[in-house]
Amino acid sequence: MSTPQQLFFLMREEYTLLFYMQCLLLGAIVGSFLGMVISRGPRLAQADSAVLYHLSFPASHCHHCHHSLSWWENIPVVSWFILHGQCHHCGEPIPRWLPGVEISCGLLFVLMAMVFHHPGDIMAGWLLVSFLIILSVLDWQYLLLPDCFTLPLLWLGLLFNTFSDSVALHDAILGAAAGYGFLWALYWFFRLAMNKEALGYGDFKLLAALGAWLGWQSLPYICLIASCVGLLFAAKERRLNTALPFPFGSYLSFAGLWVFICYHYGG
Ligand SMILES: [Zn+2]
């Protein structure tokens, strides 16, 4: 009699291509759900305790003409191409980040399945990818890092390291505290020294969550990569030395995922 774990390893070893195709498909379907969550992000940020209600109602619809989407308008990636990137009813453009999220999520699900070997670790990786995609797009689009995503991500990181041996639990707890504390201190330094609010409280909580997943030792790398990539993008868009807000949470999410993959790649 095969256990689910044996079946998992059999599937992965004997039907490798089919296994990764299934991961890609699952990732694209989850990405489609994440797209719906992101599009409701501004409402979720204010929802407080009614997050589940706002996630469930109303059903998927066009945000311009409010018509409910049929099943064929909801197929990950495919629907965007069938509809030529426009609402079937009113012709309003569907944001390009939507198929981008679905494709990225599919590819990152495959990557997680390649990096990890144990089914539990793969699922934890998928969870982290899903949260970081939501947070990075929400910060990029709306400059929002809602507590309803950053705080559960922090707790999930501590839980992951309670049951996994990848990061010692005391390093994860220190990582959460140091991640929050470092950006909090930086925020107050800029505020008192230059009277400027360079960061938001969501950034503190996101770095705390990444510290909980990756331990305090990874925080310098995450901050360095996020700052370098952020500065490169800002320079590309000629936004240096301007008062325009800076979606640091998007770069933190990217850097956190990068360090997570490097940390676990190869065992
Ligand atoms: Zn419409």
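For the structure itself, look to the data block above.
Worth saying up front: this structure is predicted, and the values here are computed from it rather than measured.

K.L.:
Before we move on, can you summarise the coordination of the zinc ion with the specific residues and values?
P.N.:
Metal coordination angles have textbook ideals: 109.5 degrees for a tetrahedral set of four donors and 90 or 180 degrees for an octahedral set of six. In the first shell of the zinc ion, the protein supplies Cys-62 (SG), Cys-65 (SG), Cys-87 (SG) and Cys-90 (SG), at 2.2 to 2.4 Å from the metal. Around the zinc ion, the four donor atoms are arranged such that angles at the metal cover 104 to 117°; this shape is classified as tetrahedral. Each donor residue of the zinc ion belongs to the same chain, with the gaps between them written as C-x2-C-x21-C-x2-C.

K.L.:
Give me the lowdown on the packing of aromatic side chains, citing residues and values where you can.
P.N.:
In the structure shown here, the tally under the stated rule is 21 aromatic pairs. On the numbers, 5.6 Å between centres and 50° between planes, the contact of Phe-116 with Phe-260 is tilted. One end of the pair, Phe-116, is in the loop between helix 6 (97-115) and helix 7 (119-142); the other, Phe-260, is in helix 12 (residues 248-264), with 144 residues separating them in the sequence. Judged on exposure class, the residue Phe-116 and its partner Phe-260 are both buried. Members of the aromatic cluster, connected to one another through ring pairs, are Trp-140, Phe-233, Phe-246, Phe-248 and Tyr-251.

K.L.:
Can you explain a nonpolar patch on the surface? Please cite residues and give values.
P.N.:
A cluster of nonpolar side chains, Leu-17, Met-21, Leu-24, Ile-103 and Leu-107, forms an exposed patch at the surface whose accessible area comes to about 490 Å². Of all elements in the fold, only helix 2 (16-39) and helix 6 reach the threshold of two or more residues within the nonpolar patch. In this structure, Leu-24 sits in helix 2.

Calculation rules
- Residues numbered from 1 in each chain as written.
- Predicted model: local features only at pLDDT ≥ 70, side-chain atom pairs only at ≥ 80, totals over all residues.
- Heavy atoms only, no water.
- Donors = N, O, S within 2.8 Å, 3.2 Å for Na, K, Ca; no water.
- Tetrahedral: all angles 85-135°; square planar, octahedral: opposite > 155°, others 65-115°.
- Phe/Tyr/Trp six-rings, centres within 6.5 Å; stacked < 30°, edge-to-face > 60°.
- Helix = DSSP H or I, 4+ residues; strand = E, 2+ residues; numbered from the N terminus.
- Buried < 20%, exposed > 50% of the residue type's maximum accessible area, 1.4 Å probe, protein only.
- Patch = residues over 30% accessible without salt bridge, like charges linked within 9 Å, V, L, I, M, F, W, Y side chains within 5 Å.
- Areas by Shrake-Rupley, 256 points an atom, 1.4 Å probe, with all protein chains shown as cover.
- Salt bridge = Lys/Arg side-chain N within 4 Å of Asp/Glu carboxyl O.

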